[in-house]
Amino acid sequence: ELRGVGPEEVFDETARAELQAASLAALEESHRDLDRQIKALGPVNLAALGDQQELEERLSTQRRQQDDLDQAARDLRQAIGKINATSREKFLETFEKVNEKFQEVFPQLLENGHALLRLAEGEDPLEAGVEILAQPAGKKLKHISLLSGGEQALTAIALLLAIFMVKPSPFCLLDEVDAPLDESNIMRFLRV
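No experiment lies behind these values; they were computed from the predicted model shown.

Some words on unusual backbone geometry
Residues apart from glycine generally show negative phi values, whereas peptide bonds are mostly found in trans. Positive phi outside glycine occurs at Asn112, with the angle close to 60 degrees. Here Glu176, not a glycine, exhibits a phi torsion of approximately 60 degrees, which is positive. Here Glu176 is to be found in the loop between helix H5 (149–166) and helix H6 (183–191). Its relative accessible area of 55% is what places Glu176 among the exposed residues.

Comments concerning the pattern of salt bridges
With the rule as written, the count across this model stands at 10 salt bridges. The salt bridge partner of Asp33 is Arg36, with a shortest N-O separation of 3.6 Å. Note that Asp33 and Arg36 are positioned in helix H3 (residues 24–41) at a spacing of 3 residues, about one turn of the helix. In this structure Asp33 comes out as partly exposed when scored by relative accessible area, which is 32%. Across the pair Arg88 and Asp124 runs a salt bridge, and its minimum N-O distance is 2.8 Å.

Focus on a negative patch on the surface
Residues Asp51, Glu54, Glu56 and Glu57 make up a contiguous surface patch of negative charge. Tracing the chain through its elements places Glu54 in helix H4 (residues 48–109).

Remarks on the side chain of Asn99
With respect to the helices and strands, Asn99 occurs in helix H4. Owing to a relative accessible area of 9%, Asn99 belongs among the buried residues under this scheme. If sequence neighbours within four positions are ignored, Asn99 has contacts with Leu116 and Leu117.

Quick notes on the environment of Glu183
Relative to the assigned elements, Glu183 resides in helix H6. For Glu183, a relative accessible area of 57% puts it in the exposed group.

A word on the sheet that holds strand S2 (residues 130–135)
Pairing is antiparallel across the open sheet formed by 3 strands, whose spatial order is S1-S2-S3. Two strands lie at the open edges of the sheet, namely strand S1 (114–119) and strand S3 (142–143), each paired on one side alone. As paired strands, S2 and S3 are joined by 2 bridges and run antiparallel to one another. Considered in S3, the bridge of Leu133 is made with His143. Across the sheet, H4 touches S1 and S2, and the angle it forms with S1 is around 165 degrees.

A word on a nonpolar patch on the surface
Among the surface-exposed residues, Val5, Val10, Phe11 and Leu19 lie close enough to one another that they form a single nonpolar patch of about 290 Å² accessible area. With respect to the helices and strands, Val5 occurs in the segment before helix H1 (7–10). Taking the relative accessible area as the measure of exposure, Val5 reaches 35% and is therefore partly exposed.

Some details on H6
Within H6 the residues assigned to the buried category are Asn185, Ile186, Arg188 and Phe189. Around the axis of H6, the buried residues are gathered within 160 degrees of arc, so they sit on the same side. For H6, the exposed residues set more than 90 degrees away from the buried face come down to Glu183, Leu190 and Arg191.

Conventions used here
- Residues numbered from 1 in each chain as written.
- Predicted model: local features only at pLDDT ≥ 70, side-chain atom pairs only at ≥ 80, totals over all residues.
- Heavy atoms only, no water.
- Helix = DSSP H or I, 4+ residues; strand = E, 2+ residues; numbered from the N terminus.
- Buried < 20%, exposed > 50% of the residue type's maximum accessible area, 1.4 Å probe, protein only.
- Salt bridge = Lys/Arg side-chain N within 4 Å of Asp/Glu carboxyl O.
- Patch = residues over 30% accessible without salt bridge, like charges linked within 9 Å, V, L, I, M, F, W, Y side chains within 5 Å.
- Areas by Shrake-Rupley, 256 points an atom, 1.4 Å probe, with all protein chains shown as cover.
- Lys, Arg positive; Asp, Glu negative; His and termini not counted.
- Charge placed at Lys NZ, Arg CZ, Asp CG, Glu CD.
- Contact = heavy atoms within 4.5 Å.
- Pairing = 2+ DSSP bridges.
- Axes fitted to C-alpha atoms, helices over the stretch in contact; angles between N-to-C directions.
- Arc of directions from axis to C-beta.

Written out as structure tokens, the structure reads:
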């Protein structure tokens with residue numbers, strides 16, 4: 001009745017033969033049982049097939065978009081990995097060059113002194129801190145924070161000059177850089 005077709009179009013020959021062989025009472029009981037089940041389902045939503053197709057299309061579109069996003073995320077992670085590897089390599093290369101120049105310039109500012117740069121151990125170079133160690137003449141190798149004001153200023157100037165020797169800048173303004181320096185240190189600064 002729902003499809004508007006006869007039993008010969010709904011049932012194949014085997015199913016029709018089974019129906020004809022069944023007793024009328026059994027068929028009526030089956031019919032009543034099926035009718036109760038259909039009524040228990042409630043009204044038929046005739047738009048359900050269209051809704052299902054629309055939802056399947058939306059689901060298919062969203063799955064394609066999800067796949068695109070997953071691929072983009074993988075590509076982005078790969079690009080970040082390459083950038084980090086290149087950055088790490090360039091940073092370490094530049095760090096070594098600056099450290100060499102720092103060790104050359106420092107003794108010119110603090111005669112007979114020695115200084116070096118070092119990365120905090122056990123950390124990723126891109127995340128690690130940089131330690132500045134200096135040894136003015138006649139003193140032990142110390143962290144820059146343990147030096148006097150003049151020694152700290154000269155160490156900082158030596159580091160700045162070392163950086164400029166590796167990566168030059170068109171100009172640099174140093175304001176009051178000589179303020180903590182005594183006369184002999186100012187003369188060495190001016191010579192450098």
